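Spelled out from the first residue to the last, the chains are:
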Amino acid sequence: MPTARSEDAAPSATGIDVRDVSKIFALGASEQTVALKPLSLTIRKGEFFSFIGPSGCGKTTLLRIIAGLTTPTTGGVFINGTQVTGPDSRIGMVFQKSTLLPWRTVLQNLLLPVEVTKSCSMQEARSRADRLLEMMGIAAFKNRSPDELSGGMQQRAAIARALITDPEILAMDEPFSALDEFTRERLNDELMGLQKSAQKTIIFVTHNISEAVFLSDRIGVMAPRPGRLDSIIEAQGFPAVRDASLRKKQEFFREVARARDAFDRLHL
Ligand SMILES: Nc1ncnc2c1ncn2[C@@H]1O[C@H](COP(=O)(O)OP(=O)(O)OP(=O)(O)O)[C@@H](O)[C@H]1O
């Protein structure tokens, strides 16, 4: 079940505290949509936490609130005990579409967040960009325009761009949903490796149960009308190091079935 926290408990000194967060969108003078009923949970530092649920259950709204891009109607989000009050440099965002600017090269796209935030010198940003492009396997394309890259390569570039300011958290909104299954699985494998080596906290939104199970330490199961967090599933019996071979193992199928059961119980 979602972690309940009393309102007066101090926010966690490490990790992300989502506390009594709700969102109501006003639609004109008299209508409104309850996008999220009040919810509280704590995402641990270094954790891979996914939200899954059908369309309209508030996944994107919640991710945007955590990243400071949307203001909650009630409650607040605390990172390492400090409240998020707007777009936050501690979080790098990756969206469903790569949102790379077509008139800039791949390298220039990577450098853009540093140009805006001035978080480090351009010299340091360039050497960091080179390392990230190498790590994501697209170094040979750094001077190309984004539209010369395949969809998978564009998402690799978007991930590299999100990492350029070295945020401690990556917030990813269905980053691989437009890709074919093979490319998606390869990028899942790479993301898993990246999370372990760079020790990032990752918050991941997806519609895909297998993808969530493969990647996540915990999965928040969300339900629609009104949007809410119904339950949290913790991965059980997985090896410490997950790699592609996990997808063929009995424990993987068992965990996918357990996640499906959580949805069946919602009677959507
Ligand atoms: N800016 C907005 N103004 C009004 N209503 C909104 C806005 N953003 C989201 N909503 C509504 O809030 C609800 C939750 O939307 P949200 O995009 O968070 O769901 P989701 O689970 O991410 O859906 P999907 O999987 O289709 O992306 C929906 O009913 C949506 O129509």
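Conventions we followed
- Residues numbered from 1 in each chain as written.
- Predicted model: local features only at pLDDT ≥ 70, side-chain atom pairs only at ≥ 80, totals over all residues.
- Heavy atoms only, no water.
- Helix = DSSP H or I, 4+ residues; strand = E, 2+ residues; numbered from the N terminus.
- Rg over C-alpha atoms; globule rule 2.2 N^0.38 Å.
- Buried < 20%, exposed > 50% of the residue type's maximum accessible area, 1.4 Å probe, protein only.
- Contact = heavy atoms within 4.5 Å.
- UniProt positions renumbered as here; feature names shortened; annotations may be inferred.
- Core = buried A, V, L, I, M, F, W, Y, C linked by side-chain atoms within 4.5 Å.
- Salt bridge = Lys/Arg side-chain N within 4 Å of Asp/Glu carboxyl O.
- Near = heavy atom within 4 Å.
- Polar contact = N/O pair within 3.5 Å; in protein donor to acceptor, adjacent residues only side chain to side chain.
- Areas by Shrake-Rupley, 256 points an atom, 1.4 Å probe, with all protein chains shown as cover.
- Nonpolar A, V, L, I, M, F, W, Y, C, P; charged D, E, K, R; others polar.

1. So, the overall build of the chain
Okay, step 1: When you go through the chain residue by residue, the secondary structure sums to seven helices and ten strands.
Okay, step 2: For the chain, whose C-alpha radius of gyration is 19 Å, the value lies close to the compact-globule estimate of 18 Å for 268 residues.
Okay, step 3: Looking at the 268 residues of the chain, the share that counts as buried comes to 50%.
Okay, step 4: In the chain, the share of contacts with a sequence separation of at least 24, taken over all contacts with a separation of at least 6, comes to 67%.

2. Observations regarding the UniProt feature "domain: ABC transporter" (unreviewed entry) in the chain
Okay, step 1: On the UniProt side, "domain: ABC transporter" (unreviewed entry) is annotated at positions that read residues 16-245 here.
Okay, step 2: End-to-end, the C-alpha atoms of residues 16-245 are 31 Å apart, and along that stretch the chain is 31% helix and 29% strand.

3. Examining the nonpolar core
Okay, step 1: Ranked by size, the top nonpolar core spans 52 residues in total, and within it Ile159, Leu170, Met172, Phe176, Leu191, Phe204 and Val213 carry the most contacts.
Okay, step 2: Among the elements that line this core, the one with the most residues is helix α4 (residues 151-163), at seven residues.
Okay, step 3: When residues no more than four places from it in sequence are discounted, the contact partners of phenylalanine 176 are Ile159, Arg184, Leu187, Asn188, Leu191, Phe204 and Glu211.
Okay, step 4: With 27 residues, the next largest nonpolar core counts Leu39, Leu41, Phe49 and Ile79 among its residues.

4. Some remarks on the pattern of salt bridges
Okay, step 1: Counted according to the given criterion, the structure contains 16 salt bridges.
Okay, step 2: Notably, a salt bridge pairs glutamate 168 with lysine 45, separated by 3.7 Å at the nearest N-O pair. Of this pair, glutamate 168 sits in the loop between α4 and β7 (169-173) while lysine 45 sits in the loop between β2 (31-43) and β3 (48-52); the two residues are 123 residues apart in sequence, bridging distant segments of the chain.
Okay, step 3: Between arginine 258 and glutamate 255 there is a salt bridge, and its shortest N-O distance comes to 2.8 Å. Here the residue arginine 258 and the residue glutamate 255 both occupy positions in helix α7 (residues 250-264), the gap between them amounting to three residues, near one helical turn.
Okay, step 4: One network of salt bridges, with partners in common, ties together Arg44, Glu47, Arg218 and Glu234.

5. Concerning the site of the ligand
Okay, step 1: Taken together, 14 residues sit near the ligand, with Ser55, Gly56, Lys59, Thr61 and His207 positioned nearest.
Okay, step 2: Glycine 56 is positioned such that a nitrogen or oxygen atom in its backbone is 2.9 Å from an oxygen atom of the ligand.
Okay, step 3: In this structure, threonine 61 approaches the ligand through a side-chain N or O atom, which is 2.6 Å from an oxygen atom.
Okay, step 4: When isolated, the ligand has an accessible area of 630 Å², and the protein chains bury 61% of it.
Okay, step 5: Those elements giving two or more residues to the shell around the ligand turn out to be β1 (16-27), β2 and α1 (59-66).
Okay, step 6: Considering each element in turn, the shell around the ligand owes the most residues, three residues, to α1.
Okay, step 7: A per-class count over the shell around the ligand returns five nonpolar, seven polar and two charged.

6. Here we look at α1
Okay, step 1: Most of α1 sits inside the fold, with six of its eight residues counted as buried.
Okay, step 2: Burial in α1 covers these residues: Lys59, Thr61, Leu62, Leu63, Ile65 and Ile66.

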